[in-house]
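Fold and contact review
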Amino acid sequence: MITILNRCHRFRGFVYQHARFGTDKKSIEVAVRPRKGSAAVCSRCHLPAPGYDQLVERRFEFIPLWGFWSSCCTPQRRVDCRRCGVVVVEEVPWGDGKRTLTKAYMPFLAPWARRLSWKETAEAFRTSWDKVFDAVEHVVTWGLEHRTLGQIDAIGVDESQYSKGHKFLTLVYQIDLGVTRLLWVGKERTIESFQGFFTTIGEEVTSKIVFICSDMWGPYLKVIREKCSEALHILDRFHIVAKMNKALDEVRAGESRRMASEFRTPLLKKSRWLLLKREERSSASACAISSATT
Ligand SMILES: [Zn+2]
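Attention here is on the structure that accompanies the text. What you see is a predicted model, and the numbers here were worked out from it, not measured in a lab. (Residues numbered from 1 in each chain as written. Predicted model: local features only at pLDDT ≥ 70, side-chain atom pairs only at ≥ 80, totals over all residues. Heavy atoms only, no water.)

A closer look at the overall build of the protein
Applied cut-off: Helix and strand definitions follow DSSP, with helices as H or I runs of at least four residues and strands as E runs of at least two, each counted in order from the N terminus. We compute the radius of gyration from the C-alpha atoms alone; for a globule the expected value is 2.2 Å times N to the 0.38, where N is the number of residues. Type-normalised accessible area, obtained with a 1.4 Å probe on protein chains alone, sets the label of each residue: buried when under 20%, exposed when over 50%, and partly exposed for intermediate values. Contacts are residue-level and defined by heavy atoms, with any inter-residue pair within 4.5 Å sufficient. To measure how exposed things are, a 1.4 Å probe is used in the Shrake-Rupley method; for residues, cover is taken only from the protein chains shown. Only four residue types enter the charge count, namely Lys and Arg as positive and Asp and Glu as negative; His and the chain termini do not. Just so you know, the charge point we use is NZ for Lys, CZ for Arg, CG for Asp and CD for Glu.
In terms of helices and strands, the protein carries nine helices and 10 strands. A compact globule built from 294 residues would reach a C-alpha radius of gyration of about 19 Å, whereas the protein, at 31 Å, exceeds it by more than 25%. Each principal axis of the C-alpha distribution contributes one length, and for the protein these read about 105 × 45 × 35 Å. A buried classification covers 31% of the 294 residues belonging to the protein. Look at the contacts in the protein between residues 6 or more apart in sequence, and 46% of them connect residues 24 or more apart. About 19200 Å² of surface is accessible on the protein, with carbon and sulfur atoms providing 57% of the total. Here the protein contributes 47 positive and 33 negative side-chain charges, whose respective centroids are spaced 5 Å apart.

Points about the sheet that holds strand β7 (residues 167-176)
Note the following rule: Note on pairing: DSSP must find at least two bridges between two strands before they are called paired. Throughout, an axis means a line fitted to C-alpha atoms (over the contacting stretch in the case of helices), and angles, computed between N-to-C directions, take values from 0 to 180 degrees.
The strand order across the open sheet formed by five strands is β8-β7-β6-β9-β10, and the pairing between neighbours is mixed. Each edge of the open sheet carries a strand with a single partner, namely β8 (179-187) and β10 (232-235). In this sheet, adjacent strand axes meet at a mean angle of 25° when their direction is disregarded. The pairing of strand β6 (residues 154-162) with β7 spans eight bridges and is antiparallel. Bridged to D158 within β7 is L171. Contacting β6, β7 and β8, helix α5 (residues 191-207) crosses the sheet at an angle of about 125° to β8.

Quick word on the packing of α5 against helix α6 (residues 218-227)
Short version of the rule: Put simply, angles under 35 degrees are roughly parallel, angles over 145 are roughly antiparallel, angles from 65 to 115 are roughly perpendicular, and the rest are oblique. Put simply, a crossing is left-handed when the front helix is turned counterclockwise from the back one by less than a right angle, and right-handed when it is turned clockwise. By the convention adopted, Pro, Cys, Tyr, Trp, Phe, Met, Ile, Leu, Val and Ala count as nonpolar, Lys, Arg, Asp and Glu as charged, and the other residues, Gly among them, as polar.
Direction vectors running N to C along α5 and α6 enclose 25°, while the axes themselves pass 10 Å from each other. If you check the angle between α5 and α6, you find them roughly parallel. In this structure, α5 crosses over α6, and the sense of that crossing is right-handed. For the pair α5 and α6, the contacting residues are I191, F194, Q195, F198 and T206 in the first and P219, Y220, K222, V223, I224, E226 and K227 in the second. Among the residues making up the contact of α5 with α6, the classes are represented as seven nonpolar, two polar and three charged.

Description of the coordination of the zinc ion
Threshold: Atoms of type N, O and S within 2.8 Å of a metal are treated as its donors, and for Na, K and Ca the window is 3.2 Å; water is not considered, so some sites may appear to be missing partners. Think of it this way: with four donors and all angles in the 85 to 135 degree range, the site is tetrahedral; with four or six donors, opposite ones beyond 155 degrees and the rest between 65 and 115, it is square planar or octahedral; otherwise it is irregular.
Looking at the zinc ion, the protein donor atoms are C42 (SG), C45 (SG), C81 (SG) and C84 (SG), and they sit 2.2 to 2.3 Å from it. Around the zinc ion, the four donor atoms are arranged such that angles at the metal cover 104 to 113°; this shape is classified as tetrahedral. In the primary sequence, the donor residues of the zinc ion line up as C-x2-C-x35-C-x2-C.

A closer look at a nonpolar patch on the surface
The line we're drawing: Residues enter patches when their relative accessible area tops 30% and they take part in no salt bridge; the joining distance is 9 Å for like charges and 5 Å for the nonpolar side chains Val, Leu, Ile, Met, Phe, Trp and Tyr. A side-chain nitrogen of Lys or Arg and a carboxyl oxygen of Asp or Glu constitute a salt bridge if their distance falls within 4 Å.
Taken together, the side chains of Y173, I175, L182 and V185 define a hydrophobic patch exposed on the protein surface, amounting to about 320 Å² of accessible area. Taken together, the elements giving at least two residues each to the nonpolar patch come down to β7 and β8. Along the chain, Y173 turns up in strand β7.

Some points on the pattern of salt bridges
Taken as a whole and judged by the stated rule, the model has 15 salt bridges. E255 serves as the salt-bridge partner of R258, at 2.8 Å between the closest nitrogen and oxygen. On the criterion of helical spacing, the pair formed by R258 and E255 is a turn pair, its members being three residues apart in helix α7 (residues 237-261). R258 gets classed as partly exposed once you look at its relative accessible area, which sits at 36%. In the salt-bridge network here, residues are joined through shared partners; they are D96, R99 and E137.

Digging into the pairing of β7
A regular strand carries its side chains on alternate faces of the sheet. Hairpin connection of β6 to β7: four residues between the antiparallel strands, including S163 at a positive phi of 60°. As paired strands, β7 and β8 are joined by eight bridges and run antiparallel to one another. Within the sheet, the bridge partner assigned to V172 lies in β8 and is W184. Taken together, β7 and the strand that follows it, β8, pair antiparallel across an intervening segment of two residues, in which G178 is found at a positive phi of about 90°.

Description of unusual backbone geometry
With phi around 50°, W66 is a residue other than glycine that occupies positive phi space. With respect to the helices and strands, the residue W66 is situated in the loop between β3 (51-65) and β4 (68-81). A positive phi angle, near 65°, is found at E188, a position not held by glycine. Examined against the element boundaries, E188 turns out to sit in the loop between β8 and α5. Taking relative accessible area as the criterion, E188 reaches 40% and is therefore assigned partly exposed.

Purely geometric numbers; function is a separate question.
Here's what the structure looks like:
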């Protein structure tokens, strides 16, 4: 066990002391100790600092081995850092701040949270929903810090409803040929929330956007007009067809009323579907109506 850990996860300034089964016989505990003479590192400035005292043992969850819940535990030292002027807990190379999962475990767990629900992931690996959240948050933060935006030619914006009631998120995707990825998520679907996307990507990337796809939600249209007036704005087909059908209905009803008031046969009544049909599929009766009304 120690040989495997030394091969896969060696930490500077620390050694694996021993590995043994927990009292429940369903878990493995690995004890990690500071290497003799190695200085602790300040968790604020990330530099070695003089020791102050030692706290109780802290446990970090590790990737399960052979289905055994695994953890490494270590006594945490505190340092008296003169640069930062405070007494703080040391930084450990396998941990990430206050999270209790090891840095090795989080990228292991997070991809499972994409395949399964977070609850199922927690159950499968005998951990908690909060820890799955920690793993996802850690991986997403890392991903955002290391993301290169590059040139973005085309974006699509859409809203997504969540929870009960009218709660919305604004989602922005890159939809270039060969690069389709979620770029940004914002709360609500307001002008302010969508503006947040353009603030994140900055003016230079914004100015190079060539195509934007969206629905006809007012706040989105307004922000697109302001931020990307040069880009070609493509509206979604569903809303265009819906608006066109509505306009057609209004014209038809109006004409029908007018014809009735002039004591003419209200030919346009009950003719909605005939008017919506494609010309090549139209029957003789539709042609008759269209010729009678023109
Ligand atoms: Zn410091």
